[in-house]
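Understanding the architecture of this molecule
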Amino acid sequence: MKQMRMLASLFGVALVILYSAVALSAEQPSADSLERVKEKLVAPPAVPVHTQEAKGPPVIVRIRLVVEEKRMQVSSDGANIWALTFNGTVPGPLIVAHQNDYVELTLVNPGTNTLVHNIDFHAATGALGGGAMTHVAPGQEVVLRFKLIKSGVFVYHCEPGGVMTPLHVASGMNGAIMVLPRDGLRDAQGKKIHYDRAFYIGEQDFYLPKDEKGAYNSYVTPAAGFGNMMEVMKTLTPTFEVFNGSVGALTGEHALKARVGEKVLFIHSQANRDTRIHLIGGQGDLVWRGGSFADPPATNLETWAVPGGSAIAMLYEFRQPGTYMYLNHNLIEAMLLGAAAEVEVEGAWNEDIMKQIKKPGPIGEH
Ligand SMILES: [Cu+2]
């Protein structure tokens, strides 16, 4: 009898173990066996080489982000900052993957740095977007894998905790990830749509302390400037509001390039502060409001909001050649603080869409 009971309880234990194993494999299939693909990250506004539609089953996208604390010029009048960066640029590189892929991130904090950093992916689920699992002191690295369960464009940023979080984010430590639907993008009618090129623009608010004479301060270490920087931050008035790290980073010889007839995808992020984007001489053909690719895009918007802490995508087909301005349509921030880019578009002028009937000249009869 005693033996029977023991056998029964052993059988019960075995059943529980078997059931748990089945339940575990049914609910949480292991990603360990998936193909691992290395993604070569590039400096914005460039985007990494990618396919718009997934070419098969989900993969593990391997990326490497190296934290670089570096001095950067913000404008030609001496404004500078100890930028806290992912891979040396503000914003950090755009990551591209597809829904249901996994990201395997190696976050490296070299021993030459001075601060603890981590990363919060708005595209990740749980543990503060990975922030709770990725704190790395100088000289450490960490590897995190997370599944991309939702499609869209999302911000990532450093999030060490407390006042360090806004200090690091406002020092440039943010970027974006684009999670494409597996079968690519669709327009407002649900028809498949392809883009011919893509640009990543990260808008950044900087809060730079000055001395009594009005000259910009420079500091020996990032932390040495934090106290003064916090005083400027509390005014909620940025000293600069720039695209891709500095005034003029995307204008003049650094202007973005496109051709008439091309569909261009603009990915725009702002990790901290609301902005509103406008293309002078055009309209947003398709705007994925809030960055979600699961919702139909809005059409023909003159200006589109990018709430602080988000990224959005806008697709525009250029119909006329010339130099376009792409800017934050708080025009004070665009023209006085730096939030403007240029797009140089080549091609033939379409006189049906616009024609100068009379050149500027003396006032008379027409
Ligand atoms: Cu950081």
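Residues numbered from 1 in each chain as written. Predicted model: local features only at pLDDT ≥ 70, side-chain atom pairs only at ≥ 80, totals over all residues.

Going by what an unreviewed UniProt entry lists, the protein chain is known as Copper-containing nitrite reductase and is assigned to Candidatus Methylobacter favarea. Quoted verbatim from the Sequence similarities (unreviewed entry) field of UniProt, the annotation for the protein chain is "Belongs to the multicopper oxidase family." According to UniProt, the comment filed for the protein chain under the heading Pathway (unreviewed entry) is "Nitrogen metabolism; nitrate reduction (denitrification); dinitrogen from nitrate: step 2/4." (UniProt positions renumbered as here; feature names shortened; annotations may be inferred.)

Under the domain assignment used here, the protein chain contains domain 1 (36-184) and domain 2 (199-346). Using C-alpha coordinates to define each centre, domain 1 is positioned 18 Å away from domain 2. Between domain 1 and domain 2, the contact holds 40 residues from the first and 45 residues from the second. Contributions of two or more residues to the side of domain 1 that touches domain 2 are made by β2 (60-73), β3 (80-86), β8 (152-157), α2 (164-169) and β9 (174-180). Considered class by class, the residues forming the side of domain 1 that touches domain 2 number 25 nonpolar, 13 polar and 2 charged. (Domains from an automatic or database assignment. Contact = placed C-beta atoms within 7 Å. Helix = DSSP H or I, 4+ residues; strand = E, 2+ residues; numbered from the N terminus. Nonpolar A, V, L, I, M, F, W, Y, C, P; charged D, E, K, R; others polar.)

Taken together, 4 strands build an open sheet; the order of strands is β4-β9-β8-β6 and the sheet is mixed. Among the strands making up the open sheet, the edge pair consists of β4 (95-98) and β6 (120-121). Direction of pairing for β6 relative to β8: antiparallel, over a ladder of 2 bridges. Its bridge partner lying in β8, Asp120 is registered against His157. (Pairing = 2+ DSSP bridges.)

Take the environment of Leu208 next. Of note, Leu208 is situated in the loop between β12 (197-206) and α3 (226-233). Accessibility expressed as a C-beta count within 10 Å gives 20 for Leu208, which makes it buried. Apart from the residues lying within four places of it in its own chain, the contact partners of Leu208 are Val74, Ala79, Ile81, Tyr216, Val232, Thr239 and Phe240. (Buried ≥ 20, exposed ≤ 12 C-beta atoms within 10 Å, placed from the backbone.)

Residues in a regular strand point their side chains to alternate faces of the sheet. With respect to burial, β9 is a largely interior element, 7 of its 7 residues being buried. Here β9 shows a buried face lined by Asn174, Ala176, Met178 and Leu180 and a second buried face lined by Gly175, Ile177 and Val179. Here 4 bridges tie β4 to β9, and the two strands are oriented parallel to one another. Residue pairing in the sheet places Ile95 in a bridge with Ile177 of β9. Where β8 and β9 come together, 6 bridges link them in antiparallel fashion. Within β9, the position partnered with Gly152 by the bridge is Val179.

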